[in-house]
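Reading the structure
Given next are the chains, with one letter for each unit.
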Amino acid sequence: MPPAKVKIERIKGDRMRQNTFHKRKMGLVKKAIELSVLCDCDCAVILKSCPTIHCKEGRLMAYCSKDLESMLRECLTHMPLHVYDNSEYARFAKVRLHEFVTSLCLSTPSAC
């Protein structure tokens, strides 16, 4: 039996939210490493956790396949075509992902 689908909404319990953050953070870093190795691309992930009892400001965590400072400098110098935010979550749902990639390729062929 396949696992139940997770609703993408804020997790109410602090402990459960922190556990989920840790697990998904590690999964995201693993995917970034895989993408970097398999596709020979530069990849960076920067995360900041929400404030907790143990850390009032939240913790910063970063992965970068090359020097983070030089990659950030490059990103600021040559701003990306698009920076995604939470409001675009629906665009990345499995059903719409193919449509999104197709539209992206039509509008900016260099992105494909």
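Located above this text is the structure these notes cover.
Not measured: the values here are computed from a predicted model.

Definitions and limits used
Residues numbered from 1 in each chain as written. Predicted model: local features only at pLDDT ≥ 70, side-chain atom pairs only at ≥ 80, totals over all residues. Heavy atoms only, no water. Helix = DSSP H or I, 4+ residues; strand = E, 2+ residues; numbered from the N terminus. Buried < 20%, exposed > 50% of the residue type's maximum accessible area, 1.4 Å probe, protein only. Contact = heavy atoms within 4.5 Å. Areas by Shrake-Rupley, 256 points an atom, 1.4 Å probe, with all protein chains shown as cover. Salt bridge = Lys/Arg side-chain N within 4 Å of Asp/Glu carboxyl O. Patch = residues over 30% accessible without salt bridge, like charges linked within 9 Å, V, L, I, M, F, W, Y side chains within 5 Å. Core = buried A, V, L, I, M, F, W, Y, C linked by side-chain atoms within 4.5 Å.

Attention now goes to the overall build of the protein. When helices and strands are counted, the protein shows three helices and two strands. In the protein, the order of α-helices and β-strands from amino to carboxyl end is α-β-β-α-α. The buried share of the protein, taken over its 112 residues, is 14%. Restricting the contact set of the protein to residue pairs at least 6 apart, pairs at least 24 apart contribute 27%. Approximately 10000 Å² of the protein is accessible, and the part contributed by carbon and sulfur atoms is 62%.

Our next topic: the side chain of K25. Secondary-structure assignment places K25 in helix α1 (residues 14-39). The contacts of K25, once residues within four sequence positions are left out, are L47 and M61.

Under the counting rule described, the total for this entry stands at five salt bridges. Here R17 and D14 are joined by a salt bridge, their closest N and O atoms 2.4 Å apart. In this pair, R17 and D14 are both assigned in helix α1, three residues apart and thus about one turn of the helix distant. Residue R73 pairs with E69 through a salt bridge whose shortest N-O separation is 3.2 Å. Here R73 pairs with E69, and both are found in helix α2 (residues 68-77), just four residues apart, close to one helical turn. Each of D42, K66 and E74 takes part in a single network of salt bridges with overlapping partners.

Here the focus is a nonpolar patch on the surface. On the surface, a nonpolar cluster with roughly 340 Å² of combined accessible area is contributed by V6, I8 and Y89. Turning to its location among the elements, I8 is positioned in the segment before α1.

What follows is about the nonpolar core. Counting residues in hydrophobic clusters, the biggest one holds six residues: V29, A32, C43, V45, L47 and Y63. Setting aside anything within four residues of it in sequence, one finds V45 in contact with L28, A32, M61, A62 and Y63.

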